[in-house]
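So you can see what is in the structure, the chains are spelled out below.
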Amino acid sequence: MVSCPNYLFETIAWVAIAGMTRSLAAVLFLVVATAQMYLWALKKHRQYQREFPEYPKTRKAIFPFVVAALISMEQIEQAVRCALDPESTPDVKAQATQYCEQVKKSPDGWQVCLQLFTKVPERGSETRLFALQAIEAMIADAGTRGDASGAAAKLDTARKILLEFVST
């Protein structure tokens, strides 16, 4: 059913801990840790798909019966807030920063950030700045890889959406 059941069961354990303690810190850790484990699982899942041609097409990375795109605008926004919050503990800041970097490096992160940047009503300025940084990372990456990774299509999509956004 899933490529990384260890991450699934760790997430379930953290849900239980957050539910039992009803602590904001536990909930924040749950969100950041789950997002990070999802990115790791997705990377491993894609590696399995490349390595084993017969790998089951219906298998998910971490969450059974869930669509693959789980990077959400809310998770990004919360991670940016945690990373910039002077009252966040150093561990939470480090995890939030690591998650933000993973979003920038993920193949689909720029799309979520593009939606986040153009969303009405506008998100916080820090979150929108991060979204622009993620989009800029995709553009820089597209420039170094050329068309091998679908760079032209990515750049065209981003250009169209941003032009439509600034035109309205």
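Everything numeric here is computed off the predicted structure, so don't read it as measured data.

Rules and cut-offs
Once a new chain begins, its residue numbering starts again from 1 and follows that chain's sequence as written. Local features in a predicted model are, by the rule used here, given only for residues with pLDDT of at least 70; side-chain atom pairs are given and counted only at 80 or more, and totals for whole chains, interfaces and linings are based on all residues. Water and hydrogen atoms were dropped before computing side-chain values, which therefore reflect all heavy atoms in the structure. Starting at the N terminus, helices and strands are each numbered in turn, a helix being any DSSP run of H or I of at least four residues and a strand any DSSP run of E of at least two. Partly exposed describes any residue whose relative accessible area lies between the buried limit of under 20% and the exposed limit of over 50%, with all areas from a 1.4 Å probe on protein chains only and scaled to the type maximum. Identification of polar contacts relies on pairs of N or O atoms within 3.5 Å, with a donor-acceptor requirement for protein atoms, meaning one able to donate a hydrogen and the other able to accept it, and with residues adjacent in sequence counted only if both atoms are side-chain atoms. Should any heavy atoms of two residues lie within 4.5 Å, those residues are considered in contact. To obtain each axis, a line is fitted to C-alpha atoms, and for helices this fit is confined to the stretch in contact; angles are then taken between N-to-C directions over 0 to 180 degrees. In this scheme, a crossing is called left-handed if the near helix is turned counterclockwise away from the far one by less than a right angle; it is called right-handed if the turn is clockwise. Each residue gets one of three labels, nonpolar for Ala, Val, Leu, Ile, Met, Phe, Trp, Tyr, Cys and Pro, charged for Asp, Glu, Lys and Arg, and polar for the others, Gly among them. By salt bridge we mean one thing: a side-chain nitrogen of Lys or Arg within 4 Å of a carboxyl oxygen of Asp or Glu. Centre distance within 6.5 Å is the pairing criterion for rings of Phe, Tyr and Trp, where only the six-membered ring of Trp is used; planes under 30 degrees apart are then read as stacked, over 60 as edge-to-face, and the remainder as tilted. Charge-over-ring contacts are defined here by two conditions on Lys NZ or Arg CZ: a distance within 6 Å of the ring centre and an angle within 35 degrees of the ring normal.

As for its position among the elements, S88 is in the loop between α3 (73-84) and α4 (90-105). Overall, the relative accessible area of 14% leaves S88 in the buried class. In terms of polar contacts, S88 uses its side chain to reach the backbone carbonyl oxygen of C82, at 3.0 Å. If near-sequence neighbours (up to four positions away) are discounted, S88 is found in contact with C82 and K93.

At a closest axis distance of 10 Å, the pairing of helix α2 (residues 24-51) and α4 adopts a crossing angle of 35 degrees. α2 and α4 meet at a crossing whose hand is left-handed. Contacts from F29, V32, A35, Q36, L39 and W40 of α2 reach α4 at Q95, A96, Q98, Y99, Q102 and V103. In terms of residue class, the contact of α2 with α4 is built from 8 nonpolar, 4 polar and no charged.

The subject of this paragraph is unusual backbone geometry. A positive phi is found at R22, a non-glycine position, where the angle reads about 50 degrees. Tracing the sequence through the fold places R22 in the loop between α1 (5-21) and α2. Looking at R22, the relative accessible area reads 75%, which means it is exposed.

What follows concerns the environment of T168. Take T168: it is sitting in the segment after α7 (151-167). A C-alpha to C-alpha distance of 22 Å links T168 and E136, two positions 32 residues apart in sequence.

Summed over all chains, the structure comprises 6 salt bridges. With a closest N to O distance of 3.6 Å, E101 and K104 form a salt bridge. With E101 and K104 both in helix α4 and 3 residues apart, the pair spans about one turn of that helix. A salt bridge links R159 to D156; the shortest N-O distance between them is 2.8 Å. Here the residue R159 and the residue D156 both occupy positions in helix α7, the gap between them amounting to 3 residues, near one helical turn.

Most of helix α5 (residues 109-118) is tucked away: 8 of the 10 residues are buried. Along α5, the positions that sit buried rather than exposed are G109, W110, V112, C113, L114, L116, F117 and T118.

As a further point, take the packing of aromatic side chains. Summed over the entire model, instances satisfying the criterion amount to 6 aromatic pairs. Measuring from ring centre to ring centre gives 6.5 Å for Y38 and F63, while their planes differ by 15 degrees; the resulting arrangement is stacked. Here F63 lies in the loop between α2 and α3 and Y38 lies in helix α2, a separation of 25 residues in the sequence. The pair Y38 / F63 is uniform in exposure class, with both members buried. A network of ring pairs unites the aromatic residues Y48, F52 and Y55 as a single cluster. Against the face of Y55 rests R59, its NZ or CZ located 5.0 Å from the ring centre. Looking at R128, its charged tip hangs above the ring of F117, at a distance of 4.2 Å from the centre.

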